[in-house]
Amino acid sequence: MIDSKAYAAFAPDKPLKPHTIRRRDPRPNDILIEIAYCGICHSDIHTARGDWGPTAYPCVPGHEIVGTVVAVGRKVERFKVGDLAGVGCLVDSCGKCRSCKSDEEQFCEKHIAFTYNSTEMDGTTPTQGGYASHIVVKEDYALKIKKGAPLERVAPLLCAGITTYSPLRRYNVGKGSKVGVVGLGGLGHMAVKLAASMGAEVTVFSTSPGKQRDAKKLGARHFVVSTKPAALEAVAGTFDLIIDTVSAKHDFTPYLNALRNDSTMVLVGAAAEPSEILAFSLIMGRKRLAGSLIGGIRETQEMLDYCLKKKVFCDIELIPASRINEAYERTIRGDVKYRFVIDSKTL
Ligand code: NAP
Ligand code: ZN
Ligand code: ZN
């Protein structure tokens with residue numbers, strides 16, 4: 001077993017604190033990664049605080065992981081010591097079901113081994129995430145990262161990047177598409193950058209008027225303050241796709257109204273409480289309300305290669321581990337530009 005320094009949540013209402021976890025010795029198909037950086041996703045906060053249901057404490061969050069391979073099992077083929085590697089939101093799946101066979105391991109029908117607050121395929125061994133110095137993962141669930149990219153700005157692509165890339169591709173966003181992005185946080189700022197890089201005309205819907213300048217710099221053409229009903233009314237019927245990244249309960253109706261006929265609003269934000277919608281919001285204009293969960297390993301690799309080629313990276317604030325709790329509070333307040341990333345050397 002390998003001792004790994006970490007930061008863990010011990011209770012929903014207590015700050016995270018330093019902790020030591022034990023990683024398994026690499027099996028024949030495993031790689032051992034020394035983590036360099038790990039992003040702070042709002043899902044980490046939902047989980048650490050038990051928003052989505054009971055969390056298994058102590059819980060080490062973190063699923064935007066990048067680092068260097070420091071050991072490989074004897075059957076490993078794709079990685080060697082010294083290579084860069086990434087780990088996203090899942091670390092294993094059955095590999096045999098319909099979803100796994102179609103490269104959508106995030107929907108594995110048998111068991112999805114999420115990176116933390118989950119279990120390995122045995123159904124009992126807890127998984128622990130990337131607020132840690134090391135992680136052991138099967139090579140098939142690790143991503144290749146070419147050298148030369150700013151690694152701390154690559155880390156959040158492993159969740160914020162793939163979660164927004166996947167629906168943009170699925171709904172065929174391209175030159176001239178009119179895309180709305182609701183909420184300008186970690187996911188939102190990547191949705192803006194990625195949609196703009198694909199040629200879309202992007203509008204940000206935000207509750208924070210102070211983010212307007214940033215939105216334009218990130219690649220948005222328009223900015224709508226979503227707390228102003230008249231501003232929402234003015235864009236009714238104009239969007240081909242809306243990606244909603246909001247982390248808290250809110251009304252979907254103004255955004256459904258903003259869609260063109262036969263267009264789709266995709267929820268990626270995962271508020272803990274249900275929202276009500278009126279059937280007429282969908283019936284009128286034959287609109288669709290959909291969801292999307294991260295992406296499979298193949299698509300995550302495709303996204304990383306795309307971002308490195310196009311130089312689409314995250315805008316981040318690098319912090320030492322001692323500031324994780326402060327970063328949580330600031331993220332909840334929407335005061336994040338636009339992703340906190342932990343410098344793992346400081347654990
Ligand atoms: P984040 O950085 O905190 O960004 C969320 C943004 O939503 C905020 O910056 C804010 O933007 C807006 N917002 C927050 N509270 C709001 C409220 N009460 N009403 C309206 N807008 C509000 O979070 P994130 O890391 O991007 O994650 C966003 C959500 O996606 C979380 O729920 C997370 O769990 C979920 N998620 C889902 C997936 C998936 O696979 N589906 C993957 C990762 C994360 P403005 O200031 O611009 O209004
Ligand atoms: Zn995430
Ligand atoms: Zn499966």
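The preceding data block contains the structure.
Let me begin by describing the structure that accompanies this report. (Residues numbered from 1 in each chain as written. Chains lettered and ligands numbered in written order. Predicted model: local features only at pLDDT ≥ 70, side-chain atom pairs only at ≥ 80, totals over all residues. Heavy atoms only, no water.)

Quick look at the packing of helix α4 (residues 160-170) against helix α5 (residues 186-197)
Part 1 of the argument: In the contact formed by α4 and α5, the axes pass within 8 Å of each other and the chain directions differ by 50 degrees. Accordingly, the angle class assigned to the pair α4 and α5 is oblique. The element α4 and its partner α5 pack so that their crossing is right-handed. Contacts from A160, G161, T163, T164, Y165 and L168 in α4 reach G186, L187, M190, A191, L194 and A195 in α5.
Part 2 of the argument: For the contact of α4 with α5, the residue count by class is eight nonpolar, four polar and no charged. (Axes fitted to C-alpha atoms, helices over the stretch in contact; angles between N-to-C directions. Helix = DSSP H or I, 4+ residues; strand = E, 2+ residues; numbered from the N terminus. Parallel < 35°, antiparallel > 145°, perpendicular 65-115°, else oblique. Left-handed = near helix turned anticlockwise from the far one by under 90°. Contact = heavy atoms within 4.5 Å. Nonpolar A, V, L, I, M, F, W, Y, C, P; charged D, E, K, R; others polar.)

A closer look at the coordination of the zinc ion (ligand 2)
Part 1 of the argument: The coordination sphere of the zinc ion (ligand 2) contains the protein donors C41 (SG), H63 (NE2) and C159 (SG), at a distance range of 2.0 to 2.3 Å.
Part 2 of the argument: In terms of primary sequence, the donors binding the zinc ion (ligand 2) are separated according to C-x21-H-x95-C. With C41 in the loop between β3 (30-39) and α1 (42-48) and C159 in the loop between α3 (151-154) and α4, this residue pair connects regions lying 118 residues apart in the sequence.
Part 3 of the argument: By relative accessible area, C41 is classed as buried at 3%.
Part 4 of the argument: Taking the relative accessible area as the measure of exposure, C159 reaches 5% and is therefore buried. (Donors = N, O, S within 2.8 Å, 3.2 Å for Na, K, Ca; no water. Buried < 20%, exposed > 50% of the residue type's maximum accessible area, 1.4 Å probe, protein only.)

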